[in-house]
Amino acid sequence: MTNLLLEWVIKTIVILFILVTAVAYVTLMERKVMAWIQMRVGPNRVGLGKFRLWGLMQPLADGLKMIFKEDIIPLQANRWLYVLAPALSLIPALMTFIVIPYGSHITIFGYTIELHVTRMNVGLLYVLALTSVGVYGIVLAGWSSNNKYSLMGGLRSSAQMISYELALGLSIVSVLLYTGTLDLVEIVEAQSGFHGLAWNIFHYPLLILVFVIFYIASLAETNRTPFDLPEADSELVAGYHTEYSSMKFVMFQMAEYLNLITASSIATTLFFGGWNGPFVGRLPLLGPLYFTVKVLALIFLAMWIRYTVPRFRYDQLMRFGWKFLLPASIVNIIISSTVILFMR
Amino acid sequence: MELEKLLFIVFAVIAIASALNILLQRNPLYSALSLIGTLLALSALYVTVRAEFIAAVQIVVYAGAIMVLFIFVIMLLNIPKDQPQIEKQKALRYLAIPFAGLMIAEMFYVLRWIRLSTLPPVPAGNAEQAVGTTWSIGTRLFTDYLLPFEVTSVLILMAVVGAMVLARREGD
Amino acid sequence: MVNYVPVLLILIIALGMAAVIIILSKLAAKSRPTREKLMPYECGVEPVGTARERQSVKFYLVAMAFLLFDIEAVFLVPWAVVFRDVVRSEAYRHLKYVFYGEMMVFMVVLFVGLIYVWRKGILEWNK
């Protein structure tokens, strides 16, 4: 039992460490991608001593700056909730990563380690539950700031999140019809066939539509453009995080990027075979590599969309979520189940 | 068994403490947050009896949808903090104590007749017999318990219509 | 059940992280509060009125609609998980079409609910 506990603690700490670093470098990636799309270069000066290092130390510099910024708590704000809200946003965002499989297993010194922290037979539902809880950080941040912009931004953001959560959940149901299990490890293992290319999206082509719905819904869930009206600078000041400064603001940003990474990870697990790819059977270490490449590709896609497409107006956004995406995902479930019933 | 007992005690204490906090807080928003805490602790208790599906669903529906609704309502209506009220009929306070005593006595009477051994045993590996797993719910809900399930759909439809009608009447 | 202990583990570690971050900023940052810094932000002008006004009832309606369709999604999950096995298995052979049909009935009833909400205009204007 203590052996197991030790294994869990080590895996959790390793994953958290990798995550925090990943979030920092995803922010750099965002700025670089934005720059290249806008025909400029992006941060390329912050290096180490004499060496420019292509701006790779930028996130470190940003982090240090943020720690030293003054932490202002507005006078009328509800102190307890004001401090709780960013934590309530960050913690569910971090907790999803214990069920995602990063690889099959590796063997060190004769000890086999499975590359997922834990294996739940309701793994997918656990991720959905954490997404549902993530709404609270935003709505409480909006309320506790005691600022009209924050409150409106918070309410609008959370209303947007819950509306698209439906389309997200129902598109996951569509995938469940094919996988027959909620266990993410099993879902990925089932995509191992055919030299590691039996990904769900190739095996069941109808899932392409489902993936599109899932991806759009997750862009809306994570409050990214084109769905970022509640936090766009020119629209609502900064929405629910207007009154936040220094590290609490950093926590909100971390939570947002973590949610993006989570959505991309779940999408690769469900649709693109997770850690599967050519030759994973012989070289298990390729698993995490394939997984990382796929997740980065989906994150890049999100950023590409962000710097290409204009924003939705809020009423267009809600209309799209309820009148198009929700019926589309319901129709998808009906079609998928009919296909499974009558074929094969 | 030790781990289960320990986890049970921890989560039971959290659940009861949060539940008490709901009553003790003046600010309705804090009460709502305590209720969320209670629901999360209950969900953990469900996990300790191997009803993981129910635990996850509890968070998705109860803590993730119903409580969001509660919190929206509290924020929309701007419900003020509870003010201490002037009591009109102090005598009722003295009547409350014997009634509370009666209720507690009744609870003890009912609980005496429950034997813990009559709870279904926790099966090891036999998914068909388990209660609360996804497979058992999926198969039983749509075969043995089909009528309650279909009635639920009508119930939800009624709730949709009712909520919309009630809310629109005031704003219209 | 033992598999769920890491959830508790990461909860505690993540709470610790959040606490460390907050304490770090409290220690490292200077605090020089001035009247302007502590006021609620309103684009540089003095704030007019309070933030605790009544908000629109549309948010309540959206939350209500979300709740009901979320419950529908929750009923769909166990059905979807066992659907393939039930439809292919021998034990439930006679129930194949019934299993499919009854969920279609459920979804139709809820689709009617969606159409009602749609026609009533709740999903409209500024929403």
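Residues numbered from 1 in each chain as written. Chains lettered and ligands numbered in written order. Predicted model: local features only at pLDDT ≥ 70, side-chain atom pairs only at ≥ 80, totals over all residues. Heavy atoms only, no water.

Some remarks on the interface of chain B and chain C
Consideration 1: Residue-level contacts link 45 residues of chain B with 45 residues of chain C.
Consideration 2: Taking both partners together, chain B and chain C bury about 4,200 Å²; carbon and sulfur atoms supply 83% of that area.
Consideration 3: The largest share of the area that chain B buries against chain C comes from Leu76(B), Phe142(B) and Met164(B), three residues that together contribute 15% of it.
Consideration 4: Between the two partners, chain B and chain C, sit 0 salt bridges.
Consideration 5: The interface formed by chain B and chain C contains 0 residue pairs in polar contact (both at pLDDT 80 or more).
Consideration 6: When contributions to the side of chain B that touches chain C are tallied by element, the ones reaching two or more residues are helix 1 (2-24), helix 2 (28-48), helix 3 (52-77), helix 5 (134-143) and helix 6 (146-171) of chain B. (Contact = heavy atoms within 4.5 Å. Buried area = accessible area lost by both parts, 1.4 Å probe. Salt bridge = Lys/Arg side-chain N within 4 Å of Asp/Glu carboxyl O. Polar contact = N/O pair within 3.5 Å; in protein donor to acceptor, adjacent residues only side chain to side chain. Helix = DSSP H or I, 4+ residues; strand = E, 2+ residues; numbered from the N terminus.)

Thoughts on the domain arrangement of chain A
Residues and elements named next belong to chain A.
Consideration 1: Per the domain assignment, the segments making up chain A are domain 1 (1-68) and domain 2 (74-343).
Consideration 2: Between the C-alpha centres of domain 1 and domain 2 there is a distance of 20 Å.
Consideration 3: In this complex, domain 1 contributes 21 residues to the contact, which on the side of domain 2 involves 24 residues.
Consideration 4: Summing both partners gives a buried area of about 2,100 Å² for domain 1 against domain 2, and 78% of it is carried by carbon and sulfur.
Consideration 5: One can count 2 salt bridges joining domain 1 with domain 2.
Consideration 6: Linking Glu-30 and Arg-306 is a salt bridge whose minimum nitrogen-to-oxygen distance equals 3.2 Å.
Consideration 7: Of all the elements in the fold, those that place two or more residues in the side of domain 1 that touches domain 2 are helix 1 (2-37) and helix 2 (58-68). (Domains from an automatic or database assignment.)

Section: the packing of helix 1 of chain A against helix 11 (residues 246-271) of chain A
Residue and element names in this part refer to chain A.
Consideration 1: At their nearest, the axes of helix 1 and helix 11 sit 10 Å apart, and the two run at 95 degrees to each other. Judged on the interaxial angle alone, helix 11 and helix 1 are roughly perpendicular. The segment helix 1 lies against helix 11, with Leu-19, Val-20, Ala-22, Val-23, Val-26, Thr-27 and Glu-30 engaging Met-254, Tyr-257, Leu-258 and Ile-261.
Consideration 2: Of the residues that constitute the contact of helix 1 with helix 11, the class distribution is 9 nonpolar, 1 polar and 1 charged. (Axes fitted to C-alpha atoms, helices over the stretch in contact; angles between N-to-C directions. Parallel < 35°, antiparallel > 145°, perpendicular 65-115°, else oblique. Nonpolar A, V, L, I, M, F, W, Y, C, P; charged D, E, K, R; others polar.)

A look at the interface of chain C and chain A
Consideration 1: The partner chain A presents 79 residues to the 68 residues of chain C that form the contact.
Consideration 2: For the pair chain C and chain A, the two sides together bury roughly 6,900 Å², of which 74% comes from carbon and sulfur.
Consideration 3: The three residues of chain C that bury the most area against chain A are Ile10(C), Arg52(C) and Arg84(C), which together make up 10% of that side's buried surface.
Consideration 4: Inspection of the region where chain C meets chain A yields 0 salt bridges.
Consideration 5: Remark: the boundary between chain C and chain A carries 6 residue pairs in polar contact (both at pLDDT 80 or more).
Consideration 6: Looking at the side of chain C that touches chain A, the elements with two or more residues in it are helix 1 (5-28), helix 2 (35-38), helix 3 (58-88) and helix 4 (96-119) of chain C.
Consideration 7: Here the side of chain C that touches chain A is composed, by residue class, of 49 nonpolar, 7 polar and 12 charged.

Digging into the packing of helix 1 of chain B against helix 2 of chain B
All names here are of chain B.
Consideration 1: Between helix 1 and helix 2, whose axes approach to 8 Å, the crossing angle comes to 160 degrees. Taken as axis vectors, helix 1 and helix 2 run roughly antiparallel relative to one another. In the packing of helix 1 onto helix 2, the handedness of the crossing is left-handed. Taken together, the residues of helix 2 that come into contact with helix 1 (itself represented by Glu-4, Leu-7, Phe-8, Phe-11, Ala-12, Ile-14, Ala-15, Ser-18, Ala-19, Asn-21 and Ile-22) are Ser-31, Ser-34, Leu-35, Gly-37, Thr-38, Ala-41, Ala-44, Leu-45 and Thr-48. (Left-handed = near helix turned anticlockwise from the far one by under 90°.)

Some details on the environment of Leu60(A)
Consideration 1: Within the element layout of this structure, Leu60(A) appears in helix 2.
Consideration 2: Separated by 20 residues in sequence, Leu60(A) and Arg40(A) place their C-alpha atoms 22 Å apart.

A look at unusual backbone geometry
Consideration 1: A positive phi angle, near 60 degrees, is found at Asn223(A), a position not held by glycine.
Consideration 2: Take Asn223(A): it is sitting in the loop between helix 9 (207-221) and helix 10 (233-236).

A closer look at a nonpolar patch on the surface
Consideration 1: On the surface, Leu6(A), Ile10(A), Val14(A), Phe17(A) and Ile18(A) cluster together into a nonpolar patch covering about 520 Å² of accessible area.
Consideration 2: The exposure class assigned to Ile18(A) is exposed, which follows from its relative accessible area of 51%. (Patch = residues over 30% accessible without salt bridge, like charges linked within 9 Å, V, L, I, M, F, W, Y side chains within 5 Å. Areas by Shrake-Rupley, 256 points an atom, 1.4 Å probe, with all protein chains shown as cover. Buried < 20%, exposed > 50% of the residue type's maximum accessible area, 1.4 Å probe, protein only.)

Observations regarding the pairing of strand 1 (residues 105-108) of chain A
All names here are of chain A.
Consideration 1: Alignment of strand 1 against strand 2 (residues 111-114), held across 4 bridges, turns out to be antiparallel. Along strand 2, the bridge assignment pairs Thr-107 with Thr-112.
Consideration 2: Where strand 1 folds back onto strand 2 in an antiparallel hairpin, the turn is made up of 2 residues, including Phe-109, whose phi is positive at roughly 50 degrees. (Pairing = 2+ DSSP bridges.)

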